[in-house]
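In case you want the letters, here they are:
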Amino acid sequence: MKAQALHGHLDALLLAVLEQGELHGYAIIEALRARSGGALDLPTGTIYPALRRLERAGYVASSWSTVNGRERRTYRLTDAGVRALAGERAGWREFSDTVGRFLGTGQPPASPA
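Residues numbered from 1 in each chain as written. Predicted model: local features only at pLDDT ≥ 70, side-chain atom pairs only at ≥ 80, totals over all residues. Heavy atoms only, no water.

A. Structural context of the pattern of salt bridges. Overall, the coordinates contain four salt bridges when judged by the stated rule. One salt bridge connects E19 with R89, and the closest N-O pair in it is separated by 2.8 Å. With a gap of 70 residues between them, E19 in the loop between α1 (10–18) and β1 (23–24) and R89 in helix α4 (residues 79–103) connect regions that are remote in the sequence. When its relative accessible area of 34% is taken as the criterion, R89 is described as partly exposed. Here the residues in one salt-bridge network are E30, R33 and D41, joined through shared partners. (Salt bridge = Lys/Arg side-chain N within 4 Å of Asp/Glu carboxyl O. Helix = DSSP H or I, 4+ residues; strand = E, 2+ residues; numbered from the N terminus. Buried < 20%, exposed > 50% of the residue type's maximum accessible area, 1.4 Å probe, protein only.)

Here it is as structure tokens:
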């Protein structure tokens, strides 16, 4: 799946991944790949700018650590990020329900005469 197809949803996906606990950047990319069954194989050039945007918005906080002599940045969800994720989920349910009325597998509703 291409990053462009996720336009408008990437931030929510990142917040949802970080809901499980703090992760470094590459682990976030791996979590997206794993949870999507491989459908989301996004490049670092897509993920890191989004993480910086979420950090500027106050939804994500980061800190540096050294592991095996290598520095890496670890990201975690803030309280504001938890609230933003709840809002994203509510918006997604509404969007999904609405689009599902058209693209779902049931009988289409009768059109007004």
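B. Expanded view of the packing of helix α2 (residues 25–35) against helix α3 (residues 44–56). In contact at an axis separation of 10 Å, α2 and α3 are set at 115 degrees when each is read in the N-to-C sense. The angle between the axes of α2 and α3 places the two elements in the roughly perpendicular class. In this structure, the crossing between α2 and α3 has a hand that is right-handed. Contacts between α2 and α3 pair G25, Y26, I28, I29 and L32 from the former with T44, I47, Y48 and L51 from the latter. The residue inventory of the contact of α2 with α3, partitioned by class, reads seven nonpolar, two polar and no charged. (Axes fitted to C-alpha atoms, helices over the stretch in contact; angles between N-to-C directions. Parallel < 35°, antiparallel > 145°, perpendicular 65-115°, else oblique. Left-handed = near helix turned anticlockwise from the far one by under 90°. Contact = heavy atoms within 4.5 Å. Nonpolar A, V, L, I, M, F, W, Y, C, P; charged D, E, K, R; others polar.)

C. Layout of the packing of aromatic side chains. All chains considered together, the criterion is met by one aromatic pair. Centre to centre, the rings of W92 and F95 are 5.7 Å apart; their planes meet at 40 degrees, and the pair counts as tilted. In this pair, W92 and F95 are both assigned in helix α4, three residues apart and thus about one turn of the helix distant. Residue W92 is classed as partly exposed on the basis of its relative accessible area of 45%. By relative accessible area, which is 45% here, F95 ends up partly exposed. (Phe/Tyr/Trp six-rings, centres within 6.5 Å; stacked < 30°, edge-to-face > 60°.)

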